[in-house]
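Tertiary structure, described
Below are the chains, spelled out letter by letter.
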Amino acid sequence: MTENKLGRIIPEKISHIGDLLPFDGAYAHTPLVKKEKGNRRLPKLNKLVDSIEKVIVETNLKNGMTISFHHHFRNGDKVLPMVMNVIAEMGIRDLTIAASSLTEAHQCLVDHIKTGVVKRLITSGIRGELAEEISNGLTDIPVVIHSHGGRARCIETGQIKIDVAFLGVPSSDVYGNANGYTGKSACGSLGYAMVDAAFAEKVVLITDNIVEYPNIPFSIHQDQVDFIVIVDSIGDPEGITTGATRITNNPKDLLLAQLVSEVVVNSGYFENGFSIQTGSGGASVATIRFLRKYMEDRNIKASWALGGISGPMVKLHEDGFIGKLLDVQSFDSEAIRSIGENRYHLEIDASYYANPLNKGCAVNKLNIVILSALEIDTNFNVNVITGSDGIIRGASGGHSDTAIGSGLSIIVAPLIRGRTATVTDSVKTIITPGSTIDVLVTERGIAVNPRREEIKEKLKQSGLPVYSIEELKLKAEKIVGKSEPIIFKDRIVGLVEYRDGTIIDVIKQVSN
Amino acid sequence: MAKLRRTMLYVPGNNAGMVKDAHIYRSDSVMFDLEDSVSIDEKDSARFLVYKALTTLDYGEIETVVRINSIESGFGKEDIKAMVRAKPNVIRLPKTEKAEDIYEVESLIEKEEKNEGYSIGTIKLMAAIESPLGVLNALSIATSSKRLIGIAIGAEDYVTCLKTSRSEDGIELLFARSQLVNAARAAGIYALDTVYSDLSNEEGFIKEIKLIKQLGFDGKSVINPRQIEPVHRIFTPTEDEITFAKKVIEGIKTAKSNKSGVIAVEGKMVDKPIVERAERILELAKSSGVLEAGKESEND
């Protein structure tokens, strides 16, 4: 028996329950509550820290740790460059950057890698000079490329242990309730950042828009957040979105979109209550417009859409053609407006979206997905990461996640790009295995994976130009010939991790 | 089945990317241009490119047309030499003003056909009429050669010659268009309308398609693949038109078997012109793919 702080006699142990800890005063074990009680003018409890530098000290960031960023500000992101510059000035080295993706806004990493501040990259995609440098052997350790669902899995299982997450948020209160819908740097969904906020050891929010407590609705919540830093600007609105997505005027994209919509309509999947995801590319977005016409004519409505949400999808939702939108990433200003306004335009995190090992991710419930490709081979394997020159120029994204999850995965791509055939004998880098791809739509014909014979028959019966994928390859080669193979060096510069954590391919250094 | 010439897609002959993709948009014809869209210093390369495309690529069932330069330009003869060898379906002569223009081109084509060992008349001709003189000579142009499959109006040059400009409702073209359709019909060949250049004005474009269809044209030149679908849509008979046409044909069959000359369908008297129109509607419906061949009659 022992006496607690208030003089009550407490047993030290009780059989079947175990050791008991005597009360030691209200503040002894909860250091984060305010100790002063009084009127409203007392300083409010907050997590604000004056500067990026101070917050880095507070987080105890050390050499060799792993830090994370999200890419919801796309090409307009100022957070990563801002944080990395301070880290570099502070002399911290050998960091691993685990970003949801890396964009044109992140070219500063070239210098940080060269000077040893950054040692490793783990990301869904890389672009621009950084990608070129990596393809030329910039990093000693290969970059790991993962899908959006794969990243969520890595973080949840601890395969990636994030020491500090630096998360830009378009609005936050002083206690860490944050969302992406409001503020001058609004980006819509914070789906990728939500996983980091939930699992990182330390979570730092960086915002240019502090709002009154409680900031509702919140995507990242106060119980996840350690520190908040206010800065002048976290993003360049022009880089975050290009404004409202317009339907393309490009005749080839429109032709592709028309064909894709006809494939969808005649596939057997086009019936009341279907679900769909499309990308943000010209043909994908235009497909939504063509589909709408068929939905109107046949009185068919979709129950939900997933993704990457863009304005044309929002329009269908608001006009009653799509019941609900599940949004992991908002592509344009209309999507950003809608996610803040519409009850059934719901923000989801990357794990809910596509983590293959949680108890149920949204891609598994998806009927139709429309995806792009840089290359596709005669086994339907798809490359969306390396260009015709072998250099990294894209992102894995949700490609492999949605391809396997959906009932009907459609790849849309021009058969010829410039002077290169899109259909090849073997793609340079496999991101998505052909066993999860169902249909390829090109401007010169459609190919159906032989494992989906029933769809092939349906499309043929509807009069669509269906060929074998080998025939499409020959059509392309007849016009542009066969490309000379790219010469790679033996050194591996990138590992492509499939969503389940296995390595599906490697990216080698390009030869000069 | 009647050959459809609802749309003829202009493709600049010096643009490899567009030449390669010319047929994928499924216009009824594609027209590779060696004339106005090709600058003087690219005439040779455009001619070579179109030659290579026609002899290498497979344009399937799409009719291939090449617009050559006029003989006076100094490029026309070389164009004819190369193009007869490339063997498009049709050579289109620009700025035709009189029958003699056609005779000259025809004799040059014939010479090359002989050189190549083709049967005479393999390469068809189309004449573009782009001046008041050409419009006034429309009938003699239209009847000048057996090779001629159609005459087309080129409006921009024509309205400039008239000292006016193109208007929204096209009143300034009414005479020329009517003259051309009449000449074409008298000669039994196709009548093809000019381009509509304002790509952003979809409403104006639709209005113009309806107008030229009503005037009797068979189709229209288009400058962008986006313009193909609206023309095809408007030129394709509607379900009601097809149903009515079927009833007319059915009615006339029954009337014939009853040895009666005149019938009424849906309260309208049906006589010979109406029967002919019904036949044309069904022919057009078959060619457009909205009616299966052999399904002209409800009872078949």
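Cut-offs and rules
Residues numbered from 1 in each chain as written. Chains lettered and ligands numbered in written order. Predicted model: local features only at pLDDT ≥ 70, side-chain atom pairs only at ≥ 80, totals over all residues. Heavy atoms only, no water. Helix = DSSP H or I, 4+ residues; strand = E, 2+ residues; numbered from the N terminus. Rg over C-alpha atoms; globule rule 2.2 N^0.38 Å. Buried < 20%, exposed > 50% of the residue type's maximum accessible area, 1.4 Å probe, protein only. Contact = heavy atoms within 4.5 Å. Areas by Shrake-Rupley, 256 points an atom, 1.4 Å probe, with all protein chains shown as cover. Lys, Arg positive; Asp, Glu negative; His and termini not counted. Charge placed at Lys NZ, Arg CZ, Asp CG, Glu CD. Buried area = accessible area lost by both parts, 1.4 Å probe. Salt bridge = Lys/Arg side-chain N within 4 Å of Asp/Glu carboxyl O. Polar contact = N/O pair within 3.5 Å; in protein donor to acceptor, adjacent residues only side chain to side chain. Nonpolar A, V, L, I, M, F, W, Y, C, P; charged D, E, K, R; others polar. Axes fitted to C-alpha atoms, helices over the stretch in contact; angles between N-to-C directions. Parallel < 35°, antiparallel > 145°, perpendicular 65-115°, else oblique. Left-handed = near helix turned anticlockwise from the far one by under 90°. Core = buried A, V, L, I, M, F, W, Y, C linked by side-chain atoms within 4.5 Å. Domains from an automatic or database assignment. Phe/Tyr/Trp six-rings, centres within 6.5 Å; stacked < 30°, edge-to-face > 60°. Disulfide = S-S within 2.5 Å. Patch = residues over 30% accessible without salt bridge, like charges linked within 9 Å, V, L, I, M, F, W, Y side chains within 5 Å. Pairing = 2+ DSSP bridges.

Quick look at the overall build of chain B now. When you go through chain B residue by residue, the secondary structure sums to 12 helices and 10 strands. In terms of overall dimensions, chain B is globule-like: its C-alpha atoms have a radius of gyration of 21 Å, near the 19 Å expected for 300 residues. Expressed as lengths along the three principal axes of its C-alpha atoms, the size of chain B is roughly 65 × 45 × 35 Å. For chain B, the residues scored as buried account for 52% of the 300 residues in total. Of the contacts made within chain B by residues no fewer than 6 positions apart, 69% connect residues no fewer than 24 positions apart. When the accessible area of chain B is evaluated, it comes to approximately 14,200 Å², of which 52% is carbon and sulfur surface. Taken together, the 42 basic and 49 acidic charged side chains of chain B have centroids lying 4 Å from each other.

As a further point, take the interface of chain A and chain B. Interface size is often expressed as the accessible area that is lost when the parts come together. At the junction of the two partners, chain A supplies 10 residues and chain B supplies 11 residues. Interface of chain A and chain B: buried area, both sides summed, is about 930 Å²; carbon and sulfur atoms make up 60% of it. Its salt-bridge partner being A:Lys252, residue B:Asp21 comes within 2.6 Å of it at the nearest N-O pair. Scanning the region where chain A abuts chain B turns up four residue pairs in polar contact (both at pLDDT 80 or more). For the side of chain A that touches chain B, the secondary-structure elements that each account for two or more residues are helix H8 (251–266) and helix H15 (469–480) of chain A. With four residues, H8(A) is the single largest residue contributor to the side of chain A that touches chain B. When grouped by side-chain class, the residues that make up the side of chain A that touches chain B number five nonpolar, one polar and four charged.

This brings us to the side chain of A:Asn449. Residue and element names in this part refer to chain A. Checked against the element boundaries, asparagine 449 lands in the loop between strand S27 (445–448) and helix H14 (453–461). A distance of 2.8 Å separates the side chain of asparagine 449 from the backbone oxygen of isoleucine 437, its partner in a polar contact. Beyond its immediate sequence surroundings of up to four residues, asparagine 449 is in contact with Phe380, Gly434, Ile437 and Asp438.

This part covers helix H10 (residues 311–318) of chain A. All names here are of chain A. Burial analysis of H10 places six of its eight residues in the buried class, the great majority of the element. Regarding H10, the residues found buried are Gly311, Pro312, Met313, Val314, Leu316 and His317. Looking at the buried residues of H10, the elements they touch are strand S15 (274–278), helix H9 (282–298), strand S16 (302–309), strand S17 (322–330), helix H11 (333–341) and strand S18 (345–347). Where H10 ends, the next residue or the one after it, glycine 320, has phi of about 90 degrees, a positive value.

Residues and elements named next belong to chain A. Two elements in contact, H9 and H10, have axes separated by 9 Å at closest approach and are oriented at 20 degrees. The orientation of H9 with respect to H10, classified from their angle, is roughly parallel. At the point where H9 passes H10, the crossing takes the left-handed sense. Counting all contacts with H9, which are made through Val285, Ile288, Arg292 and Met295, the residues of H10 involved are Pro312, Met313, Lys315 and Leu316. For the contact of H9 with H10, a count of residues per class yields six nonpolar, no polar and two charged.

Moving on: the nonpolar core. If you look at the biggest cluster of nonpolar residues, it comprises 103 residues, and the most contacted ones within it are A:Ile87, A:Phe166 and A:Ile220. In terms of residue count, helix H2 (residues 79–89) of chain A provides more of this core than any other element does, six residues in total. Each of domain 2 (60–240) and domain 3 (251–486) of chain A accounts for three or more of the residues forming this core. What A:Phe166 contacts, discounting residues up to four positions off in sequence, is A:Val55, A:Ile56, A:Ile67, A:Ser68, A:Phe69, A:Val79, A:Val83, A:Ile87, A:Val204 and A:Ile206. Judged by nonpolar contacts, the second largest core, of 66 residues, contains B:Val84, B:Tyr158, B:Ala176 and B:Ala191.

Residues and elements named next belong to chain A. Scanning the entire structure with this criterion turns up five aromatic pairs over all chains. An angle of 20 degrees between the planes, with centres 5.9 Å apart, marks the rings of phenylalanine 69 and phenylalanine 166 as stacked. Of the two residues, phenylalanine 69 sits in strand S6 (residues 66–69) while phenylalanine 166 sits in strand S10 (residues 164–169), which places them 97 residues apart along the sequence. Side by side, phenylalanine 69 and phenylalanine 166 carry an identical accessibility label, which is buried. Taken together, a centroid distance of 6.2 Å and an interplanar angle of 70 degrees make the contact between tyrosine 175 and tyrosine 213 edge-to-face.

A few words on the environment of A:Asn355. Among the secondary structure elements, A:Asn355 is positioned in the loop between helix H12 (350–354) and strand S19 (368–371). Of note is the side chain of A:Asn355, whose polar atom sits 2.9 Å from the backbone nitrogen of A:Leu357.

As enumerated under the stated definition, the model contains zero disulfides over all chains in all. The cysteine A:Cys108 is free of any disulfide, with A:Cys187 supplying the nearest cysteine sulfur at 19 Å.

Another point: the domain arrangement of chain B. Once the domains are mapped, chain B shows domain 1 (7–235) and domain 2 (239–287). Domain 1 of chain B and domain 2 of chain B are separated by 34 Å when their C-alpha centres are compared.

All names here are of chain A. On the surface, Leu48, Ile210 and Ile230 cluster together into a nonpolar patch covering about 210 Å² of accessible area. Tracing the chain through its elements places isoleucine 230 in strand S14 (residues 227–230). A relative accessible area of 43% means that isoleucine 230 is categorised as partly exposed.

So, on to the pattern of salt bridges. All names here are of chain B. Under the definition given, this model contains 53 salt bridges over all chains. When the shortest N-O distance is used, the salt bridge between aspartate 193 and lysine 220 registers 2.8 Å. With aspartate 193 in strand S7 (residues 190–193) and lysine 220 in strand S8 (residues 219–222), the pair connects residues that are 27 residues apart, well separated along the chain. Note that lysine 247 is salt-bridged to glutamate 266, the shortest N-O span being 2.9 Å. Of the two residues, lysine 247 sits in helix H11 (residues 239–257) while glutamate 266 sits in the loop between strand S9 (263–265) and strand S10 (268–270), which places them 19 residues apart along the sequence.

For helix H3 (residues 76–86) of chain B, the set of buried residues is B:Gly76, B:Asp79, B:Ile80, B:Ala82, B:Met83, B:Val84 and B:Ala86. Trailing H3(B) by a residue or two, B:Lys87 shows a phi angle of about 60 degrees, which is positive.

This part is about the environment of A:Ala257. Residue and element names in this part refer to chain A. Position of alanine 257 among the secondary structure elements: in helix H8. On the basis of relative accessible area, alanine 257 is assigned to the buried category, the value being 0%. Along the sequence, alanine 257 and glutamate 443 sit 186 residues apart, while their C-alpha atoms lie 9.4 Å from each other. Setting aside its immediate chain neighbours within four residues, alanine 257 contacts Ala283, Ala286, Thr287 and Phe290.

So, on to the sheet that holds strand S25 (residues 423–424) of chain A. All names here are of chain A. Strand order in this open sheet of three strands is S21-S20-S25, and the pairing throughout is mixed. Looking at which strands have only one partner, the edges of the open sheet turn out to be strand S21 (382–383) and S25. Alignment of strand S20 (residues 375–377) against S25, held across two bridges, turns out to be parallel. Bridging across to S25, isoleucine 376 finds its partner in valine 423.

It is worth spelling out unusual backbone geometry at this point. All names here are of chain A. With an omega dihedral of -10 degrees, the bond running from tyrosine 213 to proline 214 counts as a cis peptide bond. Relative to the assigned elements, proline 214 resides in the loop between strand S13 (202–207) and S14. The omega torsion across isoleucine 216 and proline 217 is -5 degrees, close enough to zero to call that bond cis. Structurally, the position occupied by proline 217 is in the loop between S13 and S14. Within the chain, phenylalanine 380 stands out as a residue other than glycine whose phi angle is a positive 70 degrees. With respect to the helices and strands, phenylalanine 380 occurs in the loop between S20 and S21.

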